[in-house]
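# Overview (structure and organization)
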Amino acid sequence: MARITASVYTSHVPAIGAALDLGKTQEPYWQPVFKGYDFSKQWMKQNKPDVIFLVFNDHATAFSLDMIPTFAIGTAAEYQPADEGWGPRPVPKVTGHPDLASHIAQSVIQQDFDLTIVNKMDVDHGLTVPLSLMCGEQDPVKGAWPCPVIPFAVNVVQYPVPSGQRCYNLGKAIRKAVETYDEDLNVQIWGTGGMSHQLQGPRAGLINKTFDNAFLDRLIADPDGLARVPHIDYVREAGSEGIELVMWLIARGAMADVAGGKPPKVAHRFYHVPASNTAVGHLILENN
């Protein structure tokens with residue numbers, strides 16, 4: 001059967017993608033950010049998955065404010081980098097895994113979660129920046145990401161957004177779905193977005209280091225309690241865009257210890273501010 005072996009958590013700041021694409025990674029401002037992913041790129045080479053299930057949020061490229069699904073799973077064979085207003089990122093297309101994606105959709109819907117099935121969409125920085133950070137820079141024409149990716153988009157843009165508890169429970173359902181897939185596959189699940197940041201209003205530029213690090217602590221050791229944190233706490237403590245952190249709970253809910261297994265191993269933890277007026281958080285957990 002297929003199995004989830006690890007979960008990866010990372011911010012997906014668009015300016016990180018721009019810094020990569022414009023060759024600015026060694027500039028003094030950006031160097032500390034990218035140094036935090038040196039371990040991760042080596043870890044990826046040593047722990048290459050067969051499939052990545054990547055949780056992210058679309059930024060009005062695949063979905064507009066006219067229609068935003070709460071949870072949308074990509075079942076296509078491939079996905080092109082989106083043009084977000086300044087041209088698509090110079091990265092390879094993303095290869096999907098239609099068979100596993102369709103199986104997960106079937107299983108999760110039968111577990112009473114409503115998913116939108118997406119057979120065609122472009123993917124923006126929410127998905128491609130994490131791939132670049134974890135896999136390194138790739139030639140946009142001749143290069144390729146190391147494995148197929150299943151995009152899973154979550155609405156954290158337009159209220160009402162799903163609760164942390166709903167996301168956590170969804171992660172449990174995804175794990176069950178993966179484990180009932182017949183093919184022997186090594187699957188990683190990634191939760192992206194966050195950490196604390198606010199892009200508009202009187203609190204624009206807000207970063208809360210205390211909240212962010214407490215969130216990482218609880219994500220590791222107390223995911224059940226963290227799942228019960230209400231939306232207003234995220235908005236108050238982490239800014240209006242800090243609500244993206246509920247997506248990390250989907251990945252955490254898919255880990256083995258949630259079903260009574262051993263606590264996960266912390267392979268890597270990193271936190272840095274600022275990066276384009278945003279806190280960058282990163283964590284790799286391995287199932288024992």
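Overview of the structure. (Residues numbered from 1 in each chain as written. Predicted model: local features only at pLDDT ≥ 70, side-chain atom pairs only at ≥ 80, totals over all residues. Heavy atoms only, no water.)

## Let's talk about the sheet that holds strand 2 (residues 51–56)
Strands in a sheet are paired, the pairing made by backbone hydrogen bonds, and the direction either parallel or antiparallel. One open sheet holds the eight strands; their spatial order is 6-3-7-2-8-1-10-9, and the pairing between them is mixed. The two strands at the open ends of the sheet, each matched to only one other strand, are strand 6 (116–118) and strand 9 (265–272). Neighbour to neighbour, the strand axes of the sheet diverge by 15° on average, direction disregarded. The sheet contact formed by strand 3 (residues 71–74) and strand 7 (residues 149–154) spans three bridges and is antiparallel. Directly across from Ile 73, in strand 7, lies its bridge partner Phe 152. (Pairing = 2+ DSSP bridges. Helix = DSSP H or I, 4+ residues; strand = E, 2+ residues; numbered from the N terminus. Axes fitted to C-alpha atoms, helices over the stretch in contact; angles between N-to-C directions.)

## Comments concerning the packing of aromatic side chains
All told, the structure shown has 10 aromatic pairs when counted by the stated rule. Seen in terms of ring centroids, Phe 53 and Phe 152 are 5.2 Å apart; in terms of plane orientation they differ by 35°. Their pairing is tilted. Here Phe 53, found in strand 2, pairs with Phe 152, found in strand 7; they are 99 residues apart in sequence, far enough to count as distant. The two residues Phe 53 and Phe 152 agree in class, both being buried. Put simply, the rings of Tyr 9, Phe 211, Phe 215, Tyr 234 and Trp 248 pair up and form one aromatic cluster. (Phe/Tyr/Trp six-rings, centres within 6.5 Å; stacked < 30°, edge-to-face > 60°. Buried < 20%, exposed > 50% of the residue type's maximum accessible area, 1.4 Å probe, protein only.)

## What to know about the layout of surface pockets
The volume enclosed by the largest pocket comes to roughly 560 Å³. Lining the largest pocket are 32 residues; nearest its centre among them are Asn 57, His 59, Leu 199, Glu 241 and Glu 244. Looking at the lining of the largest pocket, the elements with two or more residues in it are helix 1 (14–21) and strand 7. Taken together, the residues of the lining of the largest pocket sort by class into 16 nonpolar, 12 polar and four charged. Here the second largest pocket is characterised by a volume of approximately 200 Å³. Lining the second largest pocket are 13 residues, and of these Thr 25, Gln 26, Phe 34, Asp 38 and Lys 41 sit closest to its centre. Of all elements in the fold, only helix 2 (31–35), helix 3 (38–46) and helix 5 (125–135) reach the threshold of two or more residues within the lining of the second largest pocket. Among the elements that make up the lining of the second largest pocket, the one with the highest residue count is helix 2 (three residues). Counted by class, the lining of the second largest pocket contains four nonpolar, five polar and four charged residues. (1 Å grid on protein atoms, 1.4 Å probe; cavity = no way out; pocket = protein on both sides within 12 Å on 5 of 7 lines; lining within 4 Å. Points joined across faces, edges and corners; volume = space filled by probe spheres on them. Nonpolar A, V, L, I, M, F, W, Y, C, P; charged D, E, K, R; others polar.)

## Overview of unusual backbone geometry
Omega for the bond connecting Tyr 159 with Pro 160 falls within 30 degrees of zero, at 5°, which places this linkage in the cis form. Looking at where Pro 160 falls in the secondary structure, it is placed in the loop between strand 7 and helix 6 (164–179). At the junction of Val 273 and Pro 274, the peptide bond is cis and its omega measures out at -5° in the coordinates. Relative to the helices and strands, Pro 274 is located in the loop between strand 9 and strand 10 (280–286). Phi at Ser 276 is positive, roughly 60°, even though this residue is not glycine.

## Digging into helix 10 (residues 246–253)
In terms of burial, helix 10 is largely enclosed, as eight of its eight residues are buried. Among the residues of helix 10, those classed as buried are Val 246, Met 247, Trp 248, Leu 249, Ile 250, Ala 251, Arg 252 and Gly 253.

## Looking at the packing of helix 7 (residues 209–221) against helix 10
For the pair helix 7 and helix 10, interaxial distance at closest approach is 10 Å and the crossing angle is 20°. By the angle between their directions, the pair helix 7 and helix 10 is classed as roughly parallel. Considering only the axes of helix 7 and helix 10, their crossing is right-handed. On the side of helix 7, the interface is formed by Phe 215, Leu 216, Leu 219 and Ile 220, while helix 10 contributes Trp 248, Leu 249 and Arg 252. A breakdown of the residues in the contact of helix 7 with helix 10 according to their chemical character gives six nonpolar, no polar and one charged. (Parallel < 35°, antiparallel > 145°, perpendicular 65-115°, else oblique. Left-handed = near helix turned anticlockwise from the far one by under 90°. Contact = heavy atoms within 4.5 Å.)

## So, helix 5
Within helix 5, 11 of the 11 residues are buried, which leaves the element mostly enclosed by the surrounding structure. The complete set of buried residues in helix 5 reads His 125, Gly 126, Leu 127, Thr 128, Val 129, Pro 130, Leu 131, Ser 132, Leu 133, Met 134 and Cys 135. Two residues or fewer past helix 5, Gly 136 is found with a positive phi of approximately 85°.

## A word on the nonpolar core
The biggest cluster of nonpolar side chains holds 57 residues, and the ones touching the most others in it are Phe 152 and Ile 250. Ranked by the residues each element gives to this core, the list is headed by helix 6, at seven residues. Aside from chain neighbours lying at most four places away, what touches Phe 152 is Phe 53, Leu 54, Val 55, Phe 56, Phe 71, Ala 72, Ile 73, Leu 115, Leu 170 and Ile 250. One finds Val 8, Val 13, Ala 15 and Trp 145 within the second-largest nonpolar core, a separate group that totals 41 residues. (Core = buried A, V, L, I, M, F, W, Y, C linked by side-chain atoms within 4.5 Å.)

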